Protein chains: 2
Amino acid sequence: MKKKENMETELIELAELFKVFGDSTRIRILYDLMQGERNVTEITEDLAMNQSAISHQLKILKMAKLVTAQREGKSMVYSLADEHVKTIIAMGKEHIEE
Amino acid sequence: MKKKENMETELIELAELFKVFGDSTRIRILYDLMQGERNVTEITEDLAMNQSAISHQLKILKMAKLVTAQREGKSMVYSLADEHVKTIIAMGKEHIEE
DNA sequence: TAAATATATGATAATATATTCATATGAACG
DNA sequence: CGTTCATATGAATATATTATCATATATTTA
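Residues numbered from 1 in each chain as written. Chains lettered and ligands numbered in written order. Predicted model: local features only at pLDDT ≥ 70, side-chain atom pairs only at ≥ 80, totals over all residues. Heavy atoms only, no water.

**Notes on the relation of the copies chain B and chain A**
Of the two same-sequence chains, chain B is brought onto chain A (RMSD 0.0 Å, axial shift 0.0 Å) by a rotation of 180°. Here the copies are linked by what is in effect a two-fold axis. (Least-squares fit on C-alpha atoms with pLDDT ≥ 70 in both.)

Structure representation (structure tokens):
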């Protein structure tokens, strides 16, 4: 069993993680990336949103380690960081589809 | 494959679900209920918070169908609605513990 | 049925969050 | 090396969210 304080910290971190999933722009970005890697312009077009808004949200996703980025010439190409992202989204879907 | 609009709606619902998990008070309530059912007073004591704050958050959890409530005399006893809650939290933990 | 206990609710204030606009930074290429 | 294209960033605004306070509602019991 963990110490009470550690548990509290862990729960706060958990909430912070889920908070990242809890925004429709960010979820749409993640879903877009589930189809394959994309640069910022492509994501901006796919979501039909402001480029700056997308960049701001990508930053949050990157800080949460849900996506990774690599430069390719002038563009930055984003991808999902790992399989957990897909699993977490799949779990959420299951709950909704009841 | 789903229609584009249905997908959008589903993603928005997903975001709304995760938003519910994305608050430390609510996550702490869920974790508390993972140990067993509790009435409002007990939750209030376990989290050492204001009773009204707890009630407000319980309402949000109930609307999201993450918890259920039943009256027992003067108290309302809350429980986790289903196993998905535990699974989703477990998935989140996995991502964090890397 | 009045008092006590348990919970819920509405309004308010404080805080957090997302989007937009303007602009900065960085890379490629003539 | 100046221009163009791609992305990031900071400030400002608008909106959403949370906790608290005061109080209402509901149940039990003296």
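Picking up after the structure, the text goes on.
**Some thoughts on the protein's contact with DNA strand D**
Taken together, the neighbourhood of DNA strand D is formed by 25 residues, with Thr41, Ser52 and Tyr78 of chain A together with Thr25 and Ser52 of chain B sitting nearest. If you look at DNA strand D and keep only atoms within 4 Å of the protein, 62% of those are sugar or phosphate atoms. In the model, a phosphate oxygen of DNA strand D is placed 3.5 Å from a nitrogen or oxygen of the aspartate 23 of chain B side chain. In the environment of DNA strand D, a base nitrogen lies 2.6 Å from a nitrogen or oxygen atom belonging to the side chain of serine 52 of chain B. (Near = heavy atom within 4 Å. Polar contact = N/O pair within 3.5 Å; in protein donor to acceptor, adjacent residues only side chain to side chain.)

**Brief notes about the protein's contact with DNA strand C**
With respect to spatial proximity, 26 residues lie near DNA strand C, and among them Arg26 and Ser52 of chain A together with Thr41, Ser52 and Tyr78 of chain B are the closest. Among atoms of DNA strand C positioned within 4 Å of the protein, sugar and phosphate together represent 63%. Taking tyrosine 78 of chain B, its side chain carries an N or O atom lying 2.6 Å from a phosphate oxygen of DNA strand C. Listing elements by their share of the surface near DNA strand C, those giving two or more residues are helix H2 (24-34) and helix H4 (51-63) of chain A together with helix H3 (40-47), helix H4 (51-63) and strand S3 (75-80) of chain B. (Helix = DSSP H or I, 4+ residues; strand = E, 2+ residues; numbered from the N terminus.)

**Structural notes on the pattern of salt bridges**
Summed over the entire model, instances satisfying the criterion amount to six salt bridges over all chains. As a salt-bridge pair, arginine 38 of chain B and aspartate 32 of chain B come within 3.4 Å of each other at their nearest N and O atoms. Neither residue differs from the other here; arginine 38 of chain B and aspartate 32 of chain B are each classed as buried. One salt-bridge network, held together by shared partners, links Asp32, Arg38 and Asp46 of chain A. (Salt bridge = Lys/Arg side-chain N within 4 Å of Asp/Glu carboxyl O. Buried < 20%, exposed > 50% of the residue type's maximum accessible area, 1.4 Å probe, protein only.)

**So, helix H5 (residues 83-96) of chain A**
Between its first and last C-alpha, H5 of chain A extends 20 Å over 14 residues, near the 20 Å set by a 1.5 Å rise per residue. Inspection of H5 of chain A places His84, Val85, Ile88, Ile89, Met91, Gly92 and His95 of chain A among the buried residues, and these make up the whole buried set. Across the axial projection of H5 of chain A, the buried residues extend over an arc of 155°, all falling on one side. The inward-facing, buried residues of H5 of chain A contact helix H1 (4-21), H2 and strand S3 (75-80) of chain A together with helix H1 (4-21) and helix H5 (83-96) of chain B. Sitting at the amino-terminal end of H5 of chain A is aspartate 82 of chain A, which places a side-chain oxygen 2.8 Å from the backbone nitrogen of histidine 84 of chain A. (Expected span 1.5 Å × (residues − 1). Arc of directions from axis to C-beta. Contact = heavy atoms within 4.5 Å.)

**Looking at the pairing of strand S2 (residues 67-72) of chain B**
It is a general feature of regular strands that their side chains alternate between the two faces of the sheet. Residues and elements named next belong to chain B. Across six bridges, S2 lies against S3 in antiparallel orientation. Looking at S3, one finds that glutamine 70 is bridged to valine 77. Counting the residues that bridge the hairpin from S2 to S3 gives two residues, and of these glycine 73 lies at a positive phi of roughly 65°. (Pairing = 2+ DSSP bridges.)

**Topic: the side chain of arginine 26 of chain A**
Inspection of the secondary structure puts arginine 26 of chain A in helix H2. One buried charged residue, arginine 26 of chain A, remains without a salt bridge, the closest side chain of opposite sign being aspartate 23 of chain A at 4.3 Å. (Lys, Arg positive; Asp, Glu negative; His and termini not counted.)

**Remarks on the sheet that holds strand S1 (residues 38-39) of chain A**
Residues and elements named next belong to chain A. Within the open sheet, the three strands sit side by side as S1-S3-S2. Their pairing is antiparallel. If you trace the sheet from one side to the other, it starts and ends with S1 and strand S2 (67-72), each paired once. Where H4 meets the sheet, it contacts S2 and S3, and its direction lies at approximately 120° from that of S2. (Axes fitted to C-alpha atoms, helices over the stretch in contact; angles between N-to-C directions.)

**Some details on the nonpolar core**
The nonpolar side chains of soluble globular proteins are, as a tendency, buried together. The biggest cluster of nonpolar side chains holds 56 residues, and the ones touching the most others in it are Phe21, Leu30 and Leu66 of chain A together with Phe21, Leu30 and Leu66 of chain B. Once residues lying within four places of it in the same chain are set aside, the contact partners of leucine 66 of chain A are Leu17, Val20, Phe21, Leu30, Leu61, Ser79, Leu80, Ala81 and Val85 of chain A together with His95 of chain B. (Core = buried A, V, L, I, M, F, W, Y, C linked by side-chain atoms within 4.5 Å.)

**Details of the packing of aromatic side chains**
Applying the stated criterion across every chain, the model contains three aromatic pairs over all chains. Note on phenylalanine 18 of chain A and phenylalanine 18 of chain B: the rings are 6.1 Å apart at their centroids and 5° apart in plane angle, and the pair reads as stacked. A residue pair is termed interchain when its members come from two chains, as with phenylalanine 18 of chain A in helix H1 and phenylalanine 18 of chain B in helix H1. The pair formed by phenylalanine 18 of chain A and phenylalanine 18 of chain B is uniform in burial state, with each residue classed as buried. Each ring, one from phenylalanine 18 of chain A and one from phenylalanine 21 of chain B, has its centre 5.2 Å from the other, and the planes form 45°; the classification is tilted. You can see phenylalanine 18 of chain A sitting in helix H1 and its partner phenylalanine 21 of chain B sitting in helix H1, one on each of two chains. Using a relative accessible area of 0% as the deciding quantity, one classes phenylalanine 21 of chain B as buried. (Phe/Tyr/Trp six-rings, centres within 6.5 Å; stacked < 30°, edge-to-face > 60°.)

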